[in-house]
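Residues per chain, in single letters:
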Amino acid sequence: MIYLDYNATSPCHPKVIETMLPFFGEKFGNPSSLHTMGQEAKKAIEESRAAIARCISAREEEIIFTSGGTEANNLAIRGVVKAYQKKGNHLITSQIEHHAVLNVFKALEKEGFTVTYLPVNQEGLVDPGDFQKAITPQTIFASIMHANNETGVIQPIEELASIAKEHGIIFHTDAVQTAGKLPIDLGKLPVDLLSASAHKFYGPKGTGFLYVRKGVRLIPQLLGGAHERGRRGGTENVPLIVGMGKALEICTQEQEEENQRIQALRDFLESGILAEVPEVIIVGRRSPRLSNTSLVLVRYVEGESMLLNLDFAGICVSSGSACTSGSLEPSHVLLACGYPHEIAHGSVRFSLGKWNTMEEMKEVVRVFSSIVEKLRHISPFGKEVIRNV
Ligand SMILES: *Cc1c(COP(=O)(O)O)cnc(C)c1O
């Protein structure tokens, strides 16, 4: 198997598994218990919180553990909007957000809020000028993702967050695709809230965190005990939280080196595809982009067909977004970038990670170009391309 779907999920780092194991077994205490067993678990999650805070230059009390990126986004958006709704009812986000953000805003619209969904250019970038123009005296909150999961394009978050700050608007960013991959310094970056998910950075699935800047109010969305300083009820998932801290530490330590290595693989893959496959577009190639992501649009071929054929050859990729796979709607991200339906349908996302090699990239270029050629032969429009090249 060649795994090229790291933006969907990553395997746990072996050191992460090793760190978690005792907490599934003998160290099973409840962090809320006052006895020794409980306090041992409490100490472990607090050490993880401290490690995470160090990695992103935050304070420990600004980190809330959640069940993943989806819950962190829900808590950030609903939690803040409900806390500040007396100040106004206008919210701003973008058209290219993950569904864990978009669907929260859609629900809020039904509850009486007004939402502006900012457009992006063909490269998938939000224009800070558009953000500035969308602000009204009623605007209380904005959420723009750090990097997009489909294109890998990195948004001008620092600029957007600064504009929000000037206008007294609370600013959240979904950093699920950047935590562990890019340096995040919350001492400098003026965002108020930031979401992350462990399984996207070699930690376990089902855990994540929300950073909430000191002073930002938040209405808890999961009511229970006084866990997480009363902001998120529920017994902490000790093994997973411990694993997440370890995973973020490893990624932070290896970040620069890994990014260079992975970018060399990604660039090789893209050059290979551009050389071997006619009529392809690589989305966001001229913009700041995650070093591991390549979203390729192939004319006259369906993304799903390419995905299934690659899978048959032992290569795991995604077509558009994993959550929308299986549905006939093309990716909302590609439509927002202005690509027509027929082109947006032909997308394949390669997302690389720690365990990919140059040998694998060579194999992928070879297999992918032959699959595209085969599929174009049986496509009524594809035959034209083959004749024309
Ligand atoms: C994966 C992902 C999420 C959801 O995170 P989960 O932990 O899987 O719930 C949210 N936003 C982005 C950008 C993602 O890539």
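As a reminder, the structure under discussion sits directly above these lines.
Every value quoted in this text rests on a predicted model; they were computed, and no experiment measured them.

Caption draft 1: How the structure looks around the pattern of salt bridges. One pass over the full model with this rule turns up 23 salt bridges. Put simply, Arg49 and Glu46 hold a salt bridge, and the shortest N to O gap is 2.7 Å. Note that Arg49 and Glu46 are positioned in helix 2 (residues 36-55) at a spacing of three residues, about one turn of the helix. In this structure Arg49 comes out as buried when scored by relative accessible area, which is 7%. For Glu46, a relative accessible area of 24% translates into the label partly exposed. Between Lys82 and Glu111 there is a salt bridge, with its nearest N and O atoms 2.8 Å apart.

Caption draft 2: Just the site of the ligand, in detail. Neighbouring the ligand are 13 residues; Gly69, Thr70, Asp174, Ser197 and Lys200 lie closest to it. In this structure, Thr70 approaches the ligand through a side-chain N or O atom, which is 2.6 Å from an oxygen atom. Between a nitrogen atom of the ligand and a side-chain N or O atom of Asp174, the distance comes to 2.7 Å. Starting from 390 Å² of accessible surface for the ligand in isolation, the protein chains cover 88%.

Caption draft 3: Quick peek at a nonpolar patch on the surface. On the surface, Ile17, Leu21 and Phe24 cluster together to form a nonpolar patch covering roughly 310 Å² of accessible area. Along the chain, Ile17 falls in helix 1 (residues 14-24).

Cut-offs and rules
Residues numbered from 1 in each chain as written. Predicted model: local features only at pLDDT ≥ 70, side-chain atom pairs only at ≥ 80, totals over all residues. Heavy atoms only, no water. Salt bridge = Lys/Arg side-chain N within 4 Å of Asp/Glu carboxyl O. Helix = DSSP H or I, 4+ residues; strand = E, 2+ residues; numbered from the N terminus. Buried < 20%, exposed > 50% of the residue type's maximum accessible area, 1.4 Å probe, protein only. Near = heavy atom within 4 Å. Polar contact = N/O pair within 3.5 Å; in protein donor to acceptor, adjacent residues only side chain to side chain. Areas by Shrake-Rupley, 256 points an atom, 1.4 Å probe, with all protein chains shown as cover. Patch = residues over 30% accessible without salt bridge, like charges linked within 9 Å, V, L, I, M, F, W, Y side chains within 5 Å.

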